Amino acid sequence: MNQHYPVVIIGGGQAGLAMSWSLTQKNIRHIVLERHQLAWAWRHQRWDNFCLVTPNWQCKLPGFPYDGDDPHGFMLRDDIVAYIERYAQSFNAPLHEGVNVERVTQHADGYALHTPIGTIQAEQVVIAVGNYHRPRFPDIAQQLPQRIAQVHSAEYKSSQQLPQGDVLVVGSAQSGAQIAEDLHLAGRRVHLCVGSAPRVARFYRGRDVVDWLDDMGHYRLTVDNHPLGEDARRKTNHYVTGRDGGRDIDLRAFALQGMQLYGRLLGYQDGKLLTADDLQANLDGADATSKKIKDSIDTWIEQQGLQAPEEPTYQPLWQPEHQPGAIDLANISAIVWAVGFHTDFSWIEAPAFNEKGYPSHTRGVSVQPGLYFLGLPWLWTWGSGRFEGVGEDALWIAKRIEQHARKMSQPEATYVDSRR
């Protein structure tokens, strides 16, 4: 491997490949370093029945939009991996797998990438590793009985990997709600700690809600124009599923079918997990978000003079009769922690982060010259961390990389004393 490159991309997922394609179009020499293998997170941090929650037509990697025959379907995990593999092959991406960048340091001429195979020099570096770096476990996980199997959502594959008995899922955002559904459909008795994650309907008034929101310009809204500003980057994802052609995830319906619902997890005491008295509020809040989205679609239909089938207002199928204050662990054999990840950029030694360790950037262009970030949620738009929008961000950053390289190649102006 050459030890000096104009640009090095760290990360071999869809973001890193989108960046590679964009640089290839500009004939900018570069390499992509992936510490594991191509599309590793899709291969190894998704469960067996995992599928996209956004329709396939939103897969818009630059130069390689979705190429299948089911644009309104939802690709399964192995199909997603195959799509990314075809993308890399389509332009012969300069990908080097199994190269772990342990440290990035800054120097006068660019950056040094320290790896087990040696130090690689780069004039510019693109960090395309997302922000889901280390699985998060609450402190109480270490206090629980050893007989209880504990796995993070990133490690969950199927109900078969868990011992027989009841399963507790902690967390009701996208992964938690879908894993709870997966276990429920597999015939397991499921307990679910429900947080404040919002939900969204899969279909409304004859179309996928994503189709409506796309028409309405929702996915073109930038973080600068978002009502929450940069706080949008910390929003919890809405839960819904693309499983079996797509459907709502209605936790109230699961409760009618035997799933045990609780409020947020608070702590552990005397063999029981203590929960908050907020189950009703969390269910109502999720429904309110879904209704708000539907109302915005209704307004759009009316404003545009469109014809669309009417749909009755959602009526809650189930209400908690009482608030369970604790979960008895006597019958719980396993816990799936769906409580997110830690973000860790500590291996990048450059003053490019805020007080919380998050990159300081404008549309992926770091405050440090020659350093870029790609694939982060709401880096610029809703789709920045997804197949839908990462390509536009990559094309934008490619232009900035080109401009920076041109600027660095220009000789500095020589001062001439006109008095001589």
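Residues numbered from 1 in each chain as written. Predicted model: local features only at pLDDT ≥ 70, side-chain atom pairs only at ≥ 80, totals over all residues. Heavy atoms only, no water.

*Asks:* Hey, could you run me through the layout of surface pockets in this one?
*Replies:* Once rolled over the atoms, a probe with the size of a water molecule shows which space is left empty. Taken as a whole, the second largest pocket holds about 230 Å³ of empty space. Taken together, 14 residues make up the lining of the second largest pocket; nearest its centre are Asp 287, Lys 291, Lys 294, Thr 313 and Tyr 314. Among the elements that line the lining of the second largest pocket, the one with the most residues is helix H7 (residues 279-304), at seven residues. Its residues assigned to classes, the lining of the second largest pocket comprises five nonpolar, two polar and seven charged. (1 Å grid on protein atoms, 1.4 Å probe; cavity = no way out; pocket = protein on both sides within 12 Å on 5 of 7 lines; lining within 4 Å. Points joined across faces, edges and corners; volume = space filled by probe spheres on them. Helix = DSSP H or I, 4+ residues; strand = E, 2+ residues; numbered from the N terminus. Nonpolar A, V, L, I, M, F, W, Y, C, P; charged D, E, K, R; others polar.)

*Asks:* Can you walk me through the pattern of salt bridges in this structure?
*Replies:* Side chains carrying opposite charge are able to pair once their charged atoms draw close together. If you walk through the whole model with that rule in mind, you get 23 salt bridges. Here Asp 166 ties to Arg 189 by a salt bridge, and the two come within 3.3 Å at their closest N and O atoms. One end of the pair, Asp 166, is in strand E11 (residues 166-170); the other, Arg 189, is in the loop between helix H4 (174-185) and strand E12 (190-193), and 23 residues separate them in sequence. On the accessibility criterion, Asp 166 (13% relative accessible area) is buried. (Salt bridge = Lys/Arg side-chain N within 4 Å of Asp/Glu carboxyl O. Buried < 20%, exposed > 50% of the residue type's maximum accessible area, 1.4 Å probe, protein only.)

*Asks:* Is there a simple way to explain empty space enclosed by the protein in this structure?
*Replies:* Inspection of the entire model under this criterion finds two cavities of 30 Å³ or more. Looking at the largest cavity, its volume works out to about 40 Å³. If you go around the largest cavity, the residues you meet are Trp 47, Asn 49, Phe 50, Cys 51, Gln 178, Glu 181, Thr 241 and Arg 243. Each residue belonging to the lining of the largest cavity can be placed in one class, and the counts come to three nonpolar, three polar and two charged. The calculated volume of the second largest cavity comes to roughly 30 Å³. Every element with two or more residues in the lining of the second largest cavity is listed here: helix H6 (251-256) and H7. With three residues, H7 is the single largest residue contributor to the lining of the second largest cavity. The residue inventory of the lining of the second largest cavity, partitioned by class, reads four nonpolar, no polar and four charged.

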